[in-house]
Amino acid sequence: MNRSRLLLLGAEAVAQGAIDAGLSGVYAYPGTPSTEITEYIQRSSLARQRAIRAAWSANEKTAYEAALGMSYAGKRSLVCMKHVGLNVAADAFMNSAITGVNGGLVLAVADDPSMHSSQNEQDSRVYGRFAMTPVLEPASQQELYDAMFHAFELSESVKLPVVVRLATRLSHSRAGVELKAPVEQNRLNAEYAPGRFVLMPHNARAQYRHLLDLQPKLEALSESSFLNRPVEGRGPLGIIAFGIGYNYAMEARKAHGIECRLLKIGQYPPPRTQVNELFEACSEVLVVEEGYPVYEELFRGYFGSPKVRGRLDGALPRDGELTTDLVAAALGVKLPEIAAVPEIVANRPPELCKGCGHRDMFDAINIAIRENADHHVFSDIGCYTLGALPPYNAIHTCVDMGASITMAKGAADAGLRPAVCVIGDSTFAHSGMTGLLDAVNDRAPVTVIIADNDTTAMTGGQCSSASGSKLVKICLGLGVEQARIRTITPLRQHLDENVAVLREEFAYDGVSVVIVRRECIETAAKKKRRSAATGQ
Amino acid sequence: MQKNIILAGVGGQGILSIAAVIDWAALQEGLNLRQAEVHGMSQRGGAVQSHLRISDQEIFADLIGLGTADLILSVEPLEALRYLPYLAPSGRVVTSLDPFVNMTGYPSMEEIEAELGKTDRPVLVHAAELAREAGSARASNMVMLGAGAPFTGIAPSKLEAGIEALFGSKGREIVEINIRAFRAGVQLSNA
């Protein structure tokens, strides 16, 4: 296939766009639906040829800060994460809007409305408003690709980080994308500008004032952005369609022959003149946003506007992702009767793979923990979260990355015995280490079970930042006693001895770590296939 | 020309390979396409689906509207039923009859076939058996692609070229097994 038209996932269009726009480094921690951006760059031959730095970071905060450092040094950098990852990177993100950037810095953040693979459906556009920095929200794979060039140019012209927001349905959907000629990478050009980058109060105040003064310019730039445009139409009914909301609005308009004016918005802050024109021309305006009703709420104002319709008045559902049918119904279309799902169709929830070491781990934990009157197990985010489902029902919390250790510590402080948590190797490296240090410093009676499968399995087997002997060294370094670091192998034939080890550590009155180590069977199989292929 | 196709199955059964072949052929034909797929947690043995839309005009939405699918192509019989609300009145169901039981409450095959029988001329395929005859049970997804081929709007020869392109790097034998499996499916649908 020629280079000019490729079939790309939305996430891959972001990646190819960034490479072609002169990227020098991508920084990321895996998270659905953002993982494929970085994976694509890791596989790309052009990226290798251009020596684009692309290894995984320990977490989203370290990723963001490294991207900011590369920008400081004058080069174009990309940092990728899922929506909840931006909570982890929020400190760096917010303050990078105050310092501003040097080389173009683009944050690609993938939201997951309807929570296909996430614990919430927070809308990253709110972060964009919070930081007062431009947000781009392309509607198609082609727009995503083109927007990456625009994002880097915009970032360098206003000297601010630029957010590219995409949602699951765009990130994980393929389409043909026309490529442009790649542009050169920036040269090393570290900026000596302590007045901008040293955020002591006197500098920070001046920089914040500068950010506020930039806002009218950002609005003016949105007026001429290729991502914002009125679509031909007439009549008293109007639609403001943001991001992929545009796709559903256009589809509904076409399928049901709806007469209306439509304003497509894909660059924020929204273009005030275009919005005003639509509101003046229409007696009713439906606001279609994939995510929170962020702009609908602003358009309504505190005292309300009878003109505005959307998620807040029930025209569209308040939560969940949009569809063509939901937008059509909001426009008054009576949808035809459709077949129901037959009653015999039972749910098919995801499960741990057959032969997965986590299965043997949960068997052992369940036996050892249920010998106690209180048997809560705090847990974390990864494949092992599936241990919450039958037949195991083995874990009782999953909140945010790393929370298992610190929650177990807090519960131990409250008097809960035993205080047990399960965390994966990659999640431990991401956000577990500082929590373990807290537990050590406070001599908290917690048992930290680290499920070490030597990979970031749930997102498809990316390299883990800390596994194997490195994990042991980290625990020792954080102050866990050597005798209280136990390593077991989760296999059926070791069940009795594994239960015995867990029992001992649950009973110990201090910090202990049980490393449950067996390679993920998926990554092991992948390695085997790869070595068989190269052996031929 | 516009086709809305729902591909259905269980995580790990290879529906994305089916999608990749159709995508490749559609792109070669100069058609527009959108193909939304499921990554992440559900891939671990859960219900997965892909919305595939092909058209000679501009396509806006990545998702298929309810009641507008021309084809539900499923590699698992219970999964074919899960997406019936998407089926257009004139749409067709093509499904494998090989159950994948990794859940509680899996209904009997009689119940499943009774429900499938309520759709317009369902194409029911013993995919694993035909794939084994073609050379490998692992090619049953290509049997299903063949069985669904007449409803995709793309010529079988173009899809075969897609199989060549997709499996080419795995060697001649793998390509031939998959082509044989595909043809067995096509033959069944045309019979």
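Worth saying up front: this structure is predicted, and the values here are computed from it rather than measured.

Procedures and definitions
Residues numbered from 1 in each chain as written. Chains lettered and ligands numbered in written order. Predicted model: local features only at pLDDT ≥ 70, side-chain atom pairs only at ≥ 80, totals over all residues. Heavy atoms only, no water. Helix = DSSP H or I, 4+ residues; strand = E, 2+ residues; numbered from the N terminus. Contact = heavy atoms within 4.5 Å. Polar contact = N/O pair within 3.5 Å; in protein donor to acceptor, adjacent residues only side chain to side chain. Expected span 1.5 Å × (residues − 1). Buried < 20%, exposed > 50% of the residue type's maximum accessible area, 1.4 Å probe, protein only. Arc of directions from axis to C-beta. Salt bridge = Lys/Arg side-chain N within 4 Å of Asp/Glu carboxyl O. Domains from an automatic or database assignment. Buried area = accessible area lost by both parts, 1.4 Å probe. Nonpolar A, V, L, I, M, F, W, Y, C, P; charged D, E, K, R; others polar. UniProt positions renumbered as here; feature names shortened; annotations may be inferred. Core = buried A, V, L, I, M, F, W, Y, C linked by side-chain atoms within 4.5 Å. Axes fitted to C-alpha atoms, helices over the stretch in contact; angles between N-to-C directions. Left-handed = near helix turned anticlockwise from the far one by under 90°. Disulfide = S-S within 2.5 Å. Pairing = 2+ DSSP bridges.

(A) Focus on the environment of A:Tyr508. All names here are of chain A. Checked against the element boundaries, tyrosine 508 lands in the loop between α20 (495-507) and β18 (512-517). Tyrosine 508 sits 62 residues away from valine 446 along the chain, and the two C-alpha atoms are 8.4 Å apart. If we ignore the near neighbours within four places in the chain, the residues touching tyrosine 508 are Glu481 and Arg484. A polar side-chain atom of tyrosine 508 sits 3.2 Å from a polar atom in the side chain of glutamate 481.

(B) Structural detail: helix α6 (residues 156-167) of chain B. Residues and elements named next belong to chain B. The terminal C-alpha atoms of α6 lie 16 Å apart, and with 12 residues this matches the ideal 16 Å at 1.5 Å per residue to within 8%. Buried residues of α6: Leu159, Glu160, Gly162, Ile163 and Phe167, and no others. For α6, the buried positions fall inside an angular range of 155 degrees around the axis, keeping them on one side. Buried residues along α6 sit in contact with α1 (15-28), α5 (140-148) and α7 (172-190).

(C) Seen up close, the pattern of salt bridges. Residues and elements named next belong to chain A. Counted under the stated rule, the structure contains 46 salt bridges over all chains. The closest approach of N and O atoms between lysine 354 and glutamate 351, which form a salt bridge, is 3.3 Å. A relative accessible area of 58% means that lysine 354 is categorised as exposed. Linking arginine 492 and aspartate 363 is a salt bridge whose minimum nitrogen-to-oxygen distance equals 2.7 Å. Here arginine 492 is found in the loop between β17 (485-488) and α20, whereas its partner aspartate 363 is found in helix α16 (residues 357-369), with 129 residues between them in sequence. By relative accessible area, which is 52% here, arginine 492 ends up exposed. With a relative accessible area of 23%, aspartate 363 lands in the partly exposed category.

(D) Quick peek at the domain arrangement of chain A. Residues and elements named next belong to chain A. Splitting chain A by domain gives domain 1 (5-224), domain 2 (229-331) and domain 3 (357-523). The partner domain 2 presents 28 residues to the 27 residues of domain 1 that form the contact. For the domain 1 and domain 2 pair, buried surface summed over both sides reaches about 2,400 Å², with 47% attributable to carbon and sulfur atoms. Linking domain 1 with domain 2 are 21 residue pairs in polar contact (both at pLDDT 80 or more), by the criterion used here. Broken down by secondary-structure element, the contributors of at least two residues to the side of domain 1 that touches domain 2 are α7 (125-131), β5 (135-136), α8 (141-158), β6 (162-167), α9 (168-171) and α11 (201-223). Ranked by residues supplied to the side of domain 1 that touches domain 2, first place goes to α11 with five residues. Its residues placed into classes, the side of domain 1 that touches domain 2 shows 12 nonpolar, five polar and 10 charged.

(E) View of the UniProt feature "domain: Thiamine pyrophosphate enzyme TPP-binding" (unreviewed entry) in chain A. Those places that UniProt annotates as "domain: Thiamine pyrophosphate enzyme TPP-binding" (unreviewed entry) correspond, in this numbering, to residues 380-515 of chain A. Between the first and last C-alpha atoms of residues 380-515 of chain A the distance is 15 Å; the span itself is 37% helix and 15% strand.

(F) Inspection of unusual backbone geometry at higher detail. Residues and elements named next belong to chain A. Of note, the bond from tyrosine 268 into proline 269 is cis; its omega dihedral lies within 30 degrees of zero at 0 degrees. With respect to the helices and strands, the residue proline 269 is situated in the loop between β11 (267-268) and α13 (272-281). Omega for the peptide link from arginine 417 to proline 418 comes to -10 degrees, which places this bond in the cis form. Position of proline 418 among the secondary structure elements: in the loop between α17 (403-413) and β15 (419-424). Of note in this structure, methionine 115 is not a glycine but carries a positive phi near 50 degrees. In this fold, methionine 115 is placed in the loop between β4 (105-111) and α7.

(G) Quick look at the nonpolar core. All names here are of chain A. With 112 residues, the main nonpolar core has Ile41, Tyr64, Leu78, Leu107 and Val327 as its most contacted residues. At nine residues, α8 tops the list of elements feeding residues into this core. When we break this core down by domain, the ones giving at least three residues each are domain 1 (5-224) and domain 2 (229-331). With residues up to four places along the chain from it excluded, the contact list for valine 327 reads Tyr248, Ala249, Ala252, Leu286, Val288 and Leu316.

(H) Examining the packing of α5(B) against α7(B) more closely. All names here are of chain B. One can describe the packing of α5 onto α7 by two numbers: an axis separation of 6 Å at closest approach and a directional angle of 35 degrees. Seen from above, α5 lies across α7 with right-handed handedness. Judged by residue contacts, Met142, Val143, Leu145, Gly146 and Ala147 of α5 engage Asn178, Ala181, Phe182, Gly185, Val186 and Ser189 from α7.

(I) Spatial organisation of the side chain of A:Arg311. Residue and element names in this part refer to chain A. Residue position: arginine 311 is located in the loop between β13 (308-309) and α15 (324-330). At a separation of 3.2 Å, a polar atom in the side chain of arginine 311 contacts the main-chain carbonyl oxygen of glutamate 289. There is a polar contact of 3.0 Å between the side chain of arginine 311 and the backbone oxygen of glycine 320. In this structure arginine 311 touches Glu289, Glu290, Gly291, Pro293, Glu296, Leu316, Pro317, Arg318, Asp319, Gly320, Glu321 and Leu322, once residues within four positions along its chain are discounted.

(J) Structural view of the environment of B:Arg138. Within the fold, B:Arg138 resides in the loop between α4 (127-134) and α5. B:Arg138 gets classed as exposed once you look at its relative accessible area, which sits at 76%.

(K) Geometry of the state of the cysteines. All names here are of chain A. Taken as a whole, this structure holds zero disulfides over all chains when the rule is applied. For cysteine 356, which is in no disulfide, the shortest distance to another cysteine sulfur is to cysteine 353 and amounts to 6.0 Å. Residue classification places cysteine 356 among the buried residues on the basis of a relative accessible area of 13%. For the unlinked cysteine cysteine 463, the closest cysteine sulfur is that of cysteine 520, found at 13 Å. Look at cysteine 463 and you get exposed, because its relative accessible area is 59%.

(L) Structural view of the interface of chain A and chain B. Counting from both sides, the interface comprises 47 residues of chain A and, opposite them, 49 residues of chain B. Of the roughly 4,000 Å² buried at the junction of chain A and chain B (both faces included), carbon and sulfur atoms supply 56%. The largest share of the area that chain A buries against chain B comes from A:Arg169, A:Ile344 and A:Arg348, three residues that together contribute 20% of it. The tally of links from chain A across to chain B stands at four salt bridges. For the salt bridge of A:Glu251 with B:Arg53, the shortest nitrogen-to-oxygen distance reads 2.9 Å. In this assembly, chain A and chain B are joined by 21 residue pairs in polar contact (both at pLDDT 80 or more). Only β1 (5-9), α9, β7 (173-178), α12 (245-256) and α15 of chain A provide two or more residues apiece to the side of chain A that touches chain B. Of all the elements, α12(A) adds the most residues to the side of chain A that touches chain B, at six residues. Across two bridges, β7(A) lies against strand β2 (residues 32-36) of chain B in antiparallel orientation. Across the sheet, A:Ser173 pairs through a bridge with B:Ala36, a residue of β2(B).

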